[in-house]
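# Descriptive analysis of the structure
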Amino acid sequence: MLPGIEYFAAALTPFNVALALGGVAAGTIVGSLPGLTATMAVAVLVPLTFAMEPSSALILMGAIYTGAIYGGAYAAVLLNTPGTPSAIATTFDGYPMAKRGDGDLAITAACLASVVGGLVGAFALLLLAPPLAEVALAFGPVEYFWLALFGLSLIAALSEGSLLKGLIGGCFGLLLATIGVAEISADVRFTFGSRTLLGGIEVVSALIGLYCVPVLIDMVATPDRHLQVAATPRGFRLPEALAAAWRGKVNLLRSSIIGTLVGILPGAGGSIAGLVAYSEARRASKHPERFGKGEIDGVQATESANNATVGGGFIPTLVLGIPGTPPDAVILGALLVQGIRTGPNLFSEQGSIVYTFIYGLVLATVLMLPAGLVIGRYAYRFIVTVPKALLVPTVAFMTVIGSYAIRNSISDVVLMIILGVMGWVLGRFGFAASPIVLGLILGAIAEQGFVQGWTIGAAVGDLPGMFFGRPISLAIIALTLLSLLYPLLRGRIFGRRGAAGGEGANVD
Amino acid sequence: MSTEPSSSRDLPGTIIAAAFILLGAVFWWDTTDMSDPDSYVFPRSIIVLMIAFSLLLILRNLAFGGGRPRSADEGSWPRRIGLVAVMLLGALAMPLVGFLPAGVAVFLAILALAQYDPWTTHRRIVFPLVGVAIVVGFYVLFSEALLVPLPVGSLFD
């Protein structure tokens, strides 16, 4: 029997159901706007929860959080701009799907995958919270460094033709991430006297610039339609999405587990979960060459993984009092205001609150299916039917207000536009934006892990042992190498089989 | 579809790689002022890698060619440049004239740039009105509901 099942009915009160549905819908809409992250969605709505019962407050915040993570997929699929950083990898295949006229299918597939991922994460929280929380404690700085490098290994997959150009782009992104005041030494780096750059390059505005501005520049240049439109309406395309989900059930489950585990790691979050799951889905696929060109498995992998981080992130938040993801930090603050003391005894001492919340999270995730499908359909119809003359200025205005709102800074808006123009120019000559974005996102984690690991290793006099002697590090290094070398090995294996078995063994 | 010959030397790629080498050199020079190894170990490692990959790209392009088919320069350059200029000018004008007026001006200017169909009377009236409604709607959402302090404009203080 499920633990705390007696609290299931408490989660099902009309008030809590209304909170879950309203929270998911509000979160989905906020998450779909580029620049408004899940963290911001939760932070803005936290004050509303102070007057509520603790379990109801938690249900509302969990529902907003889970909805916002899913909502990020809309802009990723329809505008090539991740609505939230968690949806970065959704752009890789979601946007190509939309370009060829399958945007509706991509959104429905993203919704199904988000529900599956959200449920896996929520059940992990329900059933395995205390033992899984130990995983978070086993990760030291070096493991974070290797995890960041694992994410960077995706550059090989995202380089669109030239690995060297991808690697240069990745290095450029990593360098951009070091601009501003260094986190460890507090030295001012690469600002060249500019006060604007002191705070560093804001990741979300940079994402908006690198992904969205190039799309706008090309949209305004031609009278062609933004996306292909089907001649006849095709509804939600739910049967097709369900069939794809069933075909990709192993991918969905694996990505959800990856998302849960990455969510447990403090500071890692949905963007890294999505990237790692995408990398694994591509490696394990029978058709890795289709990834990046509109492969539905890529969308499913990312969306299931990023929603699984919601439940996963709550594990260290509730058991250890260490927020697993940035929105968890906001929720942790709200919990403290409510007088809830997190810790290993939370599940036994305040079971009524915790279990009601977890079942509420399950409920919100299930309600995301109808809410997400309906909102997604409207978002899709809006993007494909609105005249281009209105779509371009609307999206341009959203990029400006979205990048401003992160830090209330016009400088971020200007940097967003400059990076967007750079991304467009570089993209024209084979330097794709995604490796730059990967470097930018993973740079801080990689550097912090590297420098801390280096310092500790030097202090104990065992640098090689620090970086290459720990079991979790070795496992991540092995996965990274496998991810990088598997396409080559696979090509050789299939090449031999092809030679031995004749035409029957050909891969398309 | 027209493609470039396979012997192309990918001149733009070579120029961009050279620019990355220059950028790496400038960043390296900036690290010479840093006294704490924690500050420069990581960026210097990245700079070395970036310069090495850029040199490899240049050598590969010079030795074997490396151009890949690139779509022709289709589309309107004045509209492209206009979009970027309007967005930049609008962003810079926001602290002076305020977010709302600058936002409306940016929207209407880009609306004019993105319009390819004939300007019928219906479009002349409806599109700008929709634009103003969208900008005002977002302004109210961000400033009132999300409490983001949008610039009011120093000219009007």
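Residues numbered from 1 in each chain as written. Chains lettered and ligands numbered in written order. Predicted model: local features only at pLDDT ≥ 70, side-chain atom pairs only at ≥ 80, totals over all residues. Heavy atoms only, no water.

## Observations regarding the overall build of chain A
The helix and strand tally for chain A stands at 22 helices and two strands. For 508 residues, the compact-globule formula gives about 23 Å, and the C-alpha radius of gyration of chain A, at 22 Å, lands near that figure. Counting all 508 residues of chain A, 62% fall into the buried class. Long-range contacts, defined here as pairs at least 24 residues apart, represent 80% of the contacts in chain A between residues at least 6 apart. Carbon together with sulfur atoms contributes 66% to the accessible area of chain A, which is approximately 17,900 Å² in total. Computed over 27 positive and 26 negative side-chain charges, the separation of the two mean positions in chain A equals 9 Å. (Helix = DSSP H or I, 4+ residues; strand = E, 2+ residues; numbered from the N terminus. Rg over C-alpha atoms; globule rule 2.2 N^0.38 Å. Buried < 20%, exposed > 50% of the residue type's maximum accessible area, 1.4 Å probe, protein only. Contact = heavy atoms within 4.5 Å. Areas by Shrake-Rupley, 256 points an atom, 1.4 Å probe, with all protein chains shown as cover. Lys, Arg positive; Asp, Glu negative; His and termini not counted. Charge placed at Lys NZ, Arg CZ, Asp CG, Glu CD.)

## With respect to the confidence of the model for chain B
All names here are of chain B. Here chain B averages 87 in pLDDT, and 89% of its residues register 70 or above. Here residues 1–7 scores under 50 on pLDDT; set against residues more than four positions off or in separate chains, the count is four contacts. In the predicted complex, the global pTM is 0.80; the interface-specific ipTM is 0.91. (pLDDT = per-residue confidence, 0-100.)

## Quick word on the packing of aromatic side chains
Within the structure shown, the criterion is met by 25 aromatic pairs over all chains. Measuring from centroid to centroid gives 5.2 Å for Y70 of chain A and Y74 of chain A, while their planes differ by 80°, and the two rings are edge-to-face. With Y70 of chain A and Y74 of chain A both in helix 4 (residues 54–79), this residue pair falls four residues apart, about one helical turn. Take Y70 of chain A: its relative accessible area is 0%, and that puts it in the buried class. A network of ring pairs unites the aromatic residues F145, W146, F450, W454, F467 and F468 of chain A together with F42 of chain B as a single cluster. Between R44 of chain B and the ring centre of W28 of chain B, over which it is positioned, the NZ or CZ distance is 4.7 Å. Just above the ring of W77 of chain B sits the side chain of R80 of chain B; from NZ or CZ to the centre is 5.0 Å. (Phe/Tyr/Trp six-rings, centres within 6.5 Å; stacked < 30°, edge-to-face > 60°. Lys NZ or Arg CZ within 6 Å of the ring centre and 35° of its normal.)

## Examining a nonpolar patch on the surface
Together, F192 of chain A together with L22, V26 and W29 of chain B make up an exposed nonpolar region whose accessible area comes to about 430 Å². Tracing the sequence through the fold places W29 of chain B in helix 1 (residues 11–31). Judged by its relative accessible area of 56%, W29 of chain B is exposed. (Patch = residues over 30% accessible without salt bridge, like charges linked within 9 Å, V, L, I, M, F, W, Y side chains within 5 Å. Salt bridge = Lys/Arg side-chain N within 4 Å of Asp/Glu carboxyl O.)

## Some words on the environment of S473 of chain A
Residue and element names in this part refer to chain A. Along the chain, the position of S473 falls in helix 22 (residues 471–501). Under the relative-accessibility criterion, S473 is labelled buried at 0%. Along the primary structure S473 and G140 are separated by 333 residues, whereas in three dimensions their C-alpha atoms are 9.2 Å apart. The residues touching S473, leaving out its near neighbours within four places in the chain, are V142, E143, W146 and F467.

## What about the interface of chain A and chain B?
Accessible area lost during the coming together of the parts is what is often quoted as the interface size. Between chain A and chain B, the contact holds 64 residues from the first and 66 residues from the second. Interface area, chain A with chain B, both sides summed: about 6,000 Å², of which 82% is carbon and sulfur. On the surface where chain A and chain B come into contact, there are two salt bridges. Among the ionic pairs, K165 of chain A bridges to D10 of chain B, the shortest N-O distance being 2.9 Å. There are eleven residue pairs in polar contact (both at pLDDT 80 or more) connecting chain A and chain B. Elements supplying a minimum of two residues to the side of chain A that touches chain B: helix 9 (163–177), strand 2 (188–189), helix 10 (203–221), helix 18 (388–407), helix 19 (410–428) and helix 20 (433–460) of chain A. With 14 residues, the top contributor of residues to the side of chain A that touches chain B is helix 18 of chain A. Partitioning the side of chain A that touches chain B into residue classes produces 45 nonpolar, eleven polar and eight charged. (Buried area = accessible area lost by both parts, 1.4 Å probe. Polar contact = N/O pair within 3.5 Å; in protein donor to acceptor, adjacent residues only side chain to side chain. Nonpolar A, V, L, I, M, F, W, Y, C, P; charged D, E, K, R; others polar.)

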